Amino acid sequence: GDSVTQMEGPVTLSEEAFLTINCTYTATGYPSLFWYVQYPGEGLQLLLKATKADDKGSNKGFEATYRKETTSFHLEKGSVQVSDSAVYFCALSDPGGADGLTFGKGTHLIIQP
Amino acid sequence: DGGITQSPKYLFRKEGQNVTLSCEQNLNHDAMYWYRQDPGQGLRLIYYSQIVNDFQKGDIAEGYSVSREKKESFPLTVTSAQKNPTAFYLCASREHGKQETQYFGPGTRLLVL
């Protein structure tokens, strides 16, 4: 079955540091890929997405590129802020998207001032 | 404002009791989903519904039941058969089109007394 593997946390960085959170996946066909962010006690918010190979999703300074050859969708940001502290989830959806998302276990990001 | 609402924010269950979690959306989405989130486990799919009066089991449906009598509503019942119900429950809905994006509600935290 489908699966998503992302780096374990917590990841602790200083403000203005460069961020990479790794995400790799296993799926049949050509899934759509997503990054969601969760702040304490809240639901998930869509951060960015990519629906086909070589697409780059971007939002709020975050970027991720759909790499089919390495089955990866790593999240990056050039300069993190304290307000970026949250849990980040990588997820995939099979073509058509009817059957729900498959999530990684989440990466807790802590940004120190 | 369009969105997904879940109630209550916190819910307490006694032994042998069934409890129902509410999920309502005014986004005119056809598909709705229920996920369970445990610490360090990511999100797992409980049930989903693609249209009114139809729903399918997800990966961890045992001990749960749902109904979909209206497009806007997808309540989840946690039955007494669910022996470990303590978790954060998230409802989501999916827009039409090719990009399969799911949008999440704020969640309900279920605790056992």
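Novice: Got a sec to walk through the interface of chain A and chain B? Specific residues and values, please.
Specialist: Chain A puts 24 residues into the contact, and the matching count from chain B is 22 residues. Each partner contributes to the roughly 1700 Å² buried at the junction of chain A and chain B, and carbon and sulfur atoms together form 50% of this total. Run the count over chain A and chain B and you get 0 salt bridges. Where chain A packs against chain B, one counts 5 residue pairs in polar contact (both at pLDDT 80 or more). Of all the elements in the fold, those that place two or more residues in the side of chain A that touches chain B are strand E5 (32–38), strand E6 (44–50) and strand E10 (86–93) of chain A. In the side of chain A that touches chain B, the residues fall into 9 nonpolar, 10 polar and 5 charged.

Novice: With reference to specific residues and values, describe the sheet that holds strand E3 (residues 19–25) of chain B.
Specialist: Residues and elements named next belong to chain B. Taken together, the 4 strands give an open sheet; going across it, the order is E1-E3-E8-E7, and neighbouring strands pair in antiparallel fashion. On the outer flanks of this sheet lie strand E1 (4–7) and strand E7 (64–66), each paired with one strand and no other. The average undirected angle you get between the axes of adjacent strands in this sheet is 20°. Bridge count for E7 against strand E8 (residues 76–78) is 3 bridges, and the pairing is antiparallel. What sits directly across from Ser65, in E8, is Thr77.

Novice: Give me the lowdown on the sheet that holds strand E3 (residues 19–21) of chain A, citing residues and values where you can.
Specialist: Residue and element names in this part refer to chain A. An order of E3-E9-E8-E7 is seen for the 4 strands of this open sheet, with the pairing classed as antiparallel. Looking at strand neighbours, the two that pair on one side only are E3 and strand E7 (56–59), the edges of this open sheet. Between one strand axis and the next, the sheet turns through 15° on average, direction left out of account.

Novice: Tell me about the state of the cysteines, and please be specific about residues and values.
Specialist: All names here are of chain B. As enumerated under the stated definition, the model contains 2 disulfides over all chains in all. At a sulfur-sulfur separation of 1.9 Å, the disulfide partner of Cys23 is Cys91. Here Cys23 and Cys91 share a disulfide; its torsion about the S-S bond, -70°, makes the bridge left-handed. Here the residue Cys23 occupies a position in strand E3, and Cys91 occupies one in strand E9 (residues 87–94), the gap between them amounting to 68 residues.

Novice: Mind laying out unusual backbone geometry, listing which residues take part and the relevant values?
Specialist: It is generally the case that most residues other than glycine have a negative phi and that most peptide bonds are trans. Going from Gly9(A) to Pro10(A), the amide bond is cis rather than trans, its omega being 0°. Mapped onto the fold, Pro10(A) is located in the loop between strand E1 (3–6) and strand E2 (11–14). Between Ser7(B) and Pro8(B) the backbone carries a cis peptide bond, its omega angle lying at -5°. On the secondary structure map, Pro8(B) appears in the loop between E1 and strand E2 (10–13). At Glu16(A), a position not held by glycine, the phi torsion is positive, near 75°. Within the element layout of this structure, Glu16(A) appears in the loop between E2 and E3. Glu16(A) sits in the exposed class, given a relative accessible area of 60%.

Novice: With reference to specific residues and values, describe the pairing of E10(A).
Specialist: Residues and elements named next belong to chain A. Burial within E10 is extensive, with 7 of its 8 residues counted as buried. By the bridge criterion, 7 bridges tie E5 to E10 in an arrangement that is antiparallel. Note that in E10 the partner of Gln38 across the bridge is Val87. In the sheet, E10 pairs with strand E12 (residues 107–112) via 3 bridges, with the strands oriented antiparallel. Opposite Ala86, over in E12, you have Leu109 as the bridge partner.

Rules used throughout
- Residues numbered from 1 in each chain as written.
- Chains lettered and ligands numbered in written order.
- Predicted model: local features only at pLDDT ≥ 70, side-chain atom pairs only at ≥ 80, totals over all residues.
- Heavy atoms only, no water.
- Contact = heavy atoms within 4.5 Å.
- Buried area = accessible area lost by both parts, 1.4 Å probe.
- Salt bridge = Lys/Arg side-chain N within 4 Å of Asp/Glu carboxyl O.
- Polar contact = N/O pair within 3.5 Å; in protein donor to acceptor, adjacent residues only side chain to side chain.
- Helix = DSSP H or I, 4+ residues; strand = E, 2+ residues; numbered from the N terminus.
- Nonpolar A, V, L, I, M, F, W, Y, C, P; charged D, E, K, R; others polar.
- Pairing = 2+ DSSP bridges.
- Axes fitted to C-alpha atoms, helices over the stretch in contact; angles between N-to-C directions.
- Disulfide = S-S within 2.5 Å.
- Buried < 20%, exposed > 50% of the residue type's maximum accessible area, 1.4 Å probe, protein only.

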